[in-house]
Amino acid sequence: MTRSDLVEELAARFAQLTHRDAELAVKTVLDAMSDALVKGHRIEIRGFGSFSINRRPPRVGRNPRSGESVQIPEKRVPHFKPGKALREAVDAGTSQANGTESGPQ
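Since the structure is predicted, the reported quantities are computational estimates derived from the model, not experimental observations. (Residues numbered from 1 in each chain as written. Predicted model: local features only at pLDDT ≥ 70, side-chain atom pairs only at ≥ 80, totals over all residues. Heavy atoms only, no water.)

(A) Layout of the pairing of strand S3 (residues 59-62). The pairing of S3 with strand S4 (residues 69-72) spans four bridges and is classified as antiparallel. Following the sheet pairing, valine 60 is matched in S4 by glutamine 71. Taking the residues that link successive antiparallel strands as the turn, the S3-S4 hairpin has six residues, and the phi of glycine 67 there is positive, at about 80°. (Pairing = 2+ DSSP bridges. Helix = DSSP H or I, 4+ residues; strand = E, 2+ residues; numbered from the N terminus.)

Here it is as structure tokens:
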């Protein structure tokens, strides 16, 4: 699903929203999430998952072409951890799509 698909879905579900309003709503939510992550905050959406920032420590890598050692600086990267409800829904959907049953064996 792309951003424009999300806008279309929102506009279709809520008839009172124009396409422009739906687009603004999606942009506002995504911008707020991005700003929170940039500030180092954690975002938790119950039933969906949480977004946080992971720190990747500095390390020594290798240039594959020359074999020379390269110092790679520390990085902060966004990380998504799905919630239990989302994990279970995806697992159930995958099992049904494959024609298998999920559960204890």
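There's more to say after this.
(B) The layout of surface pockets, seen in detail. Taken as a whole, the largest pocket encloses approximately 260 Å³ of empty space. Going through the elements one at a time, helix H1 (3-13) and helix H2 (19-38) are the ones with two or more residues in the lining of the largest pocket. Sorting elements by how many residues they give to the lining of the largest pocket places H2 first, with five residues. Classifying every residue of the lining of the largest pocket gives 10 nonpolar, no polar and no charged. (1 Å grid on protein atoms, 1.4 Å probe; cavity = no way out; pocket = protein on both sides within 12 Å on 5 of 7 lines; lining within 4 Å. Points joined across faces, edges and corners; volume = space filled by probe spheres on them. Nonpolar A, V, L, I, M, F, W, Y, C, P; charged D, E, K, R; others polar.)

(C) Here's a closer look at the side chain of serine 50. Inspection of the secondary structure assignment puts serine 50 in strand S2 (residues 49-56). Of the polar contacts made by the side chain of serine 50, one reaches the side chain of arginine 42; its length is 3.3 Å. Setting aside anything within four residues of it in sequence, one finds serine 50 in contact with Arg42, Ile43, Glu44, His79, Phe80 and Lys81. (Polar contact = N/O pair within 3.5 Å; in protein donor to acceptor, adjacent residues only side chain to side chain. Contact = heavy atoms within 4.5 Å.)

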